[in-house]
Amino acid sequence: MTAIRARWPRSFNLAATAFFFASLFAQAHGAEQGGPRDVARLGRGINILGYDGIWEGGQNAPFRLDNLAAIKKAGFSHVRINFFGFKFMGSGNLLDEIVLRRLDTVIEEVLARNLIPIVDEHDTHVCQSDVSACAEKLKAFWRQIAERYAGKYPALVFEVLNEPGGQMTSAGWNSLLNECLGIIRRTNRERPVIAAVLNTDDIPVDELVLPADDRNLIVTFHYYAPIRFTHQGAPWSRTFSRIGPLDWGSADDEAKTASDFKKVHLWAEREKRPVYLGEFGVYERAPSDGRARYLSFVARSADRLGWSWAYWQFDHDFAAFDSARQAWKPDILRALIPPPH
């Protein structure tokens, strides 16, 4: 996760906000009879294993594979496996076979729980700061992963790169993305692949260039706006650690999120592409009521627009699950997946 910075909302009055939502969701409802959402129905998901020691052999590994049963039982339909592949590359950018076997095991355990696995290449820190090193490693990663899983695990989804941005431009990212897609399609012609919008404040989805004849692509973006709210109290940041308590849930707050989502929705309808909200979340120092309102509003908005989504994240920080108690945090789970009436 590398959160986008927020822009403060302009004022909206209540009547304008209500009209805004009504028109937006009416358009989404009209698209439900077909179109881009039929390509891949990932549904509701959660991010897992990004900072877990499972890859190193089990050191500092709070995630247990039997937690997948709890994820399924809670009502999630997929998991986004955050995999830092670059650090497991040796000479010639070859991936460590031992680590790849661990990835095989995770994928098989996910599938055994009737969940959809997404393998997300998560080396954002390298790719945002050293574009040339990223390009070499990212292409090598997908050559090996695509060949390894060619003809296997048809439910498995690939995600080319988490949060491209930083020193990347849209033009540079489009070029690298399409090179990687070419590599993947040599051996995985029909596999669903997730392609990200450049991770900047303004969600520049209009700048994304995809091969027109590849209709097995899903477009993703992440949402943490306003970051002063979602990251308040985060101890790793000198700025955010001093912020709070801040609330969320006014008409202006909701209208800003609706406006951001409308931009992506209109592009997706025009381009006939499915959308995946791959990350959103609120750090645990935020007031619990505002946090629940934010998560519920974002998740329900994505649901109404027909988007799949994944919460950031299962454990560690922003956690929806208490690993020590082996129990969900009820206010977060209720906000994400309301109990049936």
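Our structure's up above, just so we're on the same page.
Summarised in this report is the structure supplied together with it. Quick caveat, the model's predicted, so the values are computed rather than measured.

Things to note about the side chain of Asp-123
Now for step 1: Here Asp-123 lies in the loop between β3 (116–121) and α4 (124–129).
Now for step 2: Buried and without a salt bridge, Asp-123 has Lys-87 as its closest oppositely charged side chain, separated by 7.5 Å.
Now for step 3: The contacts of Asp-123, once residues within four sequence positions are left out, are Phe-83, Phe-84, Gly-85, Phe-86 and Leu-161.

Details of the nonpolar core
Now for step 1: Counting 100 residues, the largest nonpolar core has Ile-71 and Val-160 as its most contacted members.
Now for step 2: If one sorts the elements of this core by residue count, helix α5 (residues 131–149) sits on top with nine residues.
Now for step 3: Discounting chain neighbours no more than four positions away, the residues touching Ile-71 are Ile-46, Ile-48, Phe-63, Phe-76, Val-79, Leu-115, Phe-314 and Trp-328.
Now for step 4: Ile-118, Val-157, Tyr-276 and Ala-310 belong to the second-largest nonpolar core, a separate cluster that totals eight residues.

Some details on the state of the cysteines
Disulfide: a covalent bond connecting the sulfur atoms of a pair of cysteines.
Now for step 1: Applying the stated rule across the entire model yields one disulfide.
Now for step 2: With a sulfur-sulfur separation of 2.0 Å, Cys-127 is cross-linked through a disulfide to Cys-134. Taking the torsion about the S-S bond as the criterion, the Cys-127 to Cys-134 disulfide, at about 80 degrees, is right-handed. A single burial state applies to Cys-127 and to Cys-134, both of which are buried.
Now for step 3: Left unpaired, Cys-180 is separated from the closest cysteine sulfur, that of Cys-134, by 7.8 Å.
Now for step 4: According to the relative accessible area criterion, Cys-180 is buried, its value standing at 0%.

Considerations on unusual backbone geometry
Now for step 1: That bond from Ala-225 to Pro-226 is cis: its omega, -5 degrees, falls within 30 degrees of zero.
Now for step 2: Position of Pro-226 among the secondary structure elements: in the loop between β6 (217–223) and α7 (227–230).
Now for step 3: The omega torsion of the bond from Trp-312 to Gln-313 falls at 0 degrees, within 30 degrees of zero and hence cis.
Now for step 4: Tracing the backbone shows Gln-313 in the loop between β8 (308–311) and β9 (321–322).
Now for step 5: One non-glycine residue with positive phi stands out, namely Tyr-153, at about 50 degrees.
Now for step 6: The topology assignment puts Tyr-153 in the loop between α5 and β4 (157–159).
Now for step 7: A relative accessible area of 13% means that Tyr-153 is categorised as buried.
Now for step 8: Of note in this structure, Phe-318 is not a glycine but carries a positive phi near 60 degrees.
Now for step 9: Structurally, Phe-318 is set in the loop between β8 and β9.
Now for step 10: Accessibility expressed as a relative area gives 0% for Phe-318, which makes it buried.

So, the environment of Arg-300
Now for step 1: By the element assignment, Arg-300 lies in helix α9 (residues 288–304).
Now for step 2: Residue classification places Arg-300 among the buried positions, given a relative accessible area of 13%.
Now for step 3: As a C-alpha pair, Arg-300 and Leu-336 span 36 residues in sequence and 8.0 Å in three-dimensional space.
Now for step 4: Those residues in contact with Arg-300 that sit more than four places away from it in its chain are Arg-44, Trp-309, Ala-335, Leu-336 and Pro-338.
Now for step 5: A polar atom in the side chain of Arg-300 sits 2.8 Å from the side chain of Asp-303.
Now for step 6: Among the polar contacts made by the side chain of Arg-300, one reaches the main-chain carbonyl oxygen of Leu-336 at a distance of 2.7 Å.

Details of the packing of α5 against helix α6 (residues 170–187)
Now for step 1: For the pair α5 and α6, interaxial distance at closest approach is 8 Å and the crossing angle is 20 degrees. The angle between α5 and α6 places the two elements in the roughly parallel class. Crossing angle aside, the handedness with which α5 passes α6 is right-handed. When α5 is examined against α6, the residues Cys-134, Ala-135, Leu-138, Lys-139, Trp-142, Arg-143, Ala-146 and Glu-147 are found in contact with a partner set consisting of Trp-173, Leu-176, Glu-179, Cys-180, Ile-183, Ile-184 and Thr-187.
Now for step 2: Class assignment of the residues belonging to the contact of α5 with α6 gives a composition of 10 nonpolar, one polar and four charged.

Brief notes about the sheet that holds strand β5 (residues 193–196)
Now for step 1: If you walk around this closed barrel you meet the eight strands as β1-β2-β3-β4-β5-β6-β7-β8, and the pairing is parallel. Neighbour to neighbour, the strand axes of the sheet diverge by 25 degrees on average, direction disregarded.
Now for step 2: Contacts from helix α8 (residues 251–271) reach β6 and β7 (275–280), with the element oriented near 165 degrees to β6.

The rules behind these values
- Residues numbered from 1 in each chain as written.
- Predicted model: local features only at pLDDT ≥ 70, side-chain atom pairs only at ≥ 80, totals over all residues.
- Heavy atoms only, no water.
- Helix = DSSP H or I, 4+ residues; strand = E, 2+ residues; numbered from the N terminus.
- Buried < 20%, exposed > 50% of the residue type's maximum accessible area, 1.4 Å probe, protein only.
- Lys, Arg positive; Asp, Glu negative; His and termini not counted.
- Salt bridge = Lys/Arg side-chain N within 4 Å of Asp/Glu carboxyl O.
- Contact = heavy atoms within 4.5 Å.
- Core = buried A, V, L, I, M, F, W, Y, C linked by side-chain atoms within 4.5 Å.
- Disulfide = S-S within 2.5 Å.
- Polar contact = N/O pair within 3.5 Å; in protein donor to acceptor, adjacent residues only side chain to side chain.
- Axes fitted to C-alpha atoms, helices over the stretch in contact; angles between N-to-C directions.
- Parallel < 35°, antiparallel > 145°, perpendicular 65-115°, else oblique.
- Left-handed = near helix turned anticlockwise from the far one by under 90°.
- Nonpolar A, V, L, I, M, F, W, Y, C, P; charged D, E, K, R; others polar.
- Pairing = 2+ DSSP bridges.

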